[in-house]
Each structure stands twice: as C-alpha cells, then as structure tokens.
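# A structural walkthrough
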Amino acid sequence: MTTDVHQLDDGAWISVNDERRINVSDLWPLARHEVCDCETADFLVEGFAEVGVEHPDIQARVAGRCITCGTEAVTDWITVGRVIDPETGEFSAVDVTSVHVPDRRHRLARPQE
Ligand SMILES: [Zn+2]
C-alpha cells in the first residue's frame, strides 16, 4: 500500500494512513538549523507547513518560533516518524522532544504522496 500523509485542522495534526499521529505540541529542539542564530533552537511548534514522504521517513516542515530569541520561521524538512512496514502501513513516530536536524536536501520532495 502507499503511504498517505496529510495535514489536518490547519496544520495542527499530521495524519498517516488516515490516523492522526503527530500533534503540534511541546518544544522541538533543533540543531544545525537555519531558523536563527541559536546553537540549539528551542522551537515552539505552532503548525505543520508541509508534509511529505521520503520512504521510509515521514517528514514535515514546521512553523513556529524559537523561544530563546523569538525568531519566527518555517523549518526545513524534519523527520517526524517512519513507516515500519509498508505492507500494513505500520507507523512509528519519533520522540519529538529529542533533537531534530532539519534537512534541506528534501526541500524539493513532493509535498504529498
Ligand atoms: Zn533562536
């Protein structure tokens, strides 16, 4: 089966295969990022700007702001989970409170699949 990824509720949720899996919440620490000049940005997630699939990873560009310096931004692509089993669509979310490294290489990935 193909993996079906969408934003719901104005970007408040990411659904994977029609199940709400990832919510905007908490601070997502960002390292090696371009959001602001902070070494590690404490990024308050306010919404998912774009979602995409880079098999087996589910990725998103995240809108929010660094609470240390106040800069508002949309991140490059962050892996938010992965499809463990493409046959069943079994999905595992990452620990969003662990450090993320946004990846601009996937900037041109198709937004949805
Ligand atoms: Zn900052």
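This is a predicted model, so every value here is computed, not measured.

### As for the coordination of the zinc ion
Protein-derived ligands of the zinc ion are Cys 36 (SG), Cys 38 (SG), Cys 66 (SG) and Cys 69 (SG), with the metal-ligand distances lying across 2.3 Å. Around the zinc ion sit four donor atoms; with metal-centred angles ranging over 107 to 114°, the donor geometry is tetrahedral. One chain supplies every donor for the zinc ion, spaced along it as C-x1-C-x27-C-x2-C. Judged by relative accessible area, which is 13%, Cys 36 ranks as buried.

### Details of the packing of aromatic side chains
To describe a pair of aromatic rings, one takes the distance between the centres and the angle between the planes. Under the criterion given, the structure shown has one aromatic pair. Summarising the aromatic geometry, the rings of Trp 28 and Phe 48 are spaced 6.1 Å apart at their centres and angled 55° between planes, so their arrangement reads as tilted. With Trp 28 in strand E4 (residues 27–31) and Phe 48 in strand E5 (residues 40–54), the pair connects residues that are 20 residues apart, well separated along the chain. Its relative accessible area of 0% is what places Trp 28 among the buried residues.

### Quick word on the sheet that holds strand E2 (residues 13–16)
In spatial order, the strands read E1-E2-E3; together these three strands make up an open sheet with antiparallel pairing. Edge strands, defined here as strands with exactly one partner in the open sheet, are strand E1 (5–8) and strand E3 (19–23). Neighbouring strand axes in the sheet, compared pairwise and without regard to direction, differ in orientation by 35° on average. Of the pairings in the sheet, the one linking E1 to E2 comprises four bridges and is antiparallel in character. The partner of Val 5 across the bridge, within E2, is Val 16.

### Section: unusual backbone geometry
For the peptide bond that leads from His 55 to Pro 56, omega is 5°, which places it in the cis range. Here Pro 56 shows up in the loop between E5 and strand E6 (57–66). You will see that Asn 17, though not glycine, has its phi angle at about 50°, which is positive. Note on placement: Asn 17 falls in the loop between E2 and E3. A residue is classified by how much of its surface remains accessible, and Asn 17, at 18% relative accessible area, is buried. In this structure, Arg 32 is a non-glycine residue whose phi angle is positive, near 45°. Within the secondary structure layout, Arg 32 lies in the loop between E4 and E5. Accessibility expressed as a relative area gives 69% for Arg 32, which makes it exposed.

Here is what the cut-offs are and how they apply
- Residues numbered from 1 in each chain as written.
- Predicted model: local features only at pLDDT ≥ 70, side-chain atom pairs only at ≥ 80, totals over all residues.
- Heavy atoms only, no water.
- Donors = N, O, S within 2.8 Å, 3.2 Å for Na, K, Ca; no water.
- Tetrahedral: all angles 85-135°; square planar, octahedral: opposite > 155°, others 65-115°.
- Buried < 20%, exposed > 50% of the residue type's maximum accessible area, 1.4 Å probe, protein only.
- Phe/Tyr/Trp six-rings, centres within 6.5 Å; stacked < 30°, edge-to-face > 60°.
- Helix = DSSP H or I, 4+ residues; strand = E, 2+ residues; numbered from the N terminus.
- Pairing = 2+ DSSP bridges.
- Axes fitted to C-alpha atoms, helices over the stretch in contact; angles between N-to-C directions.

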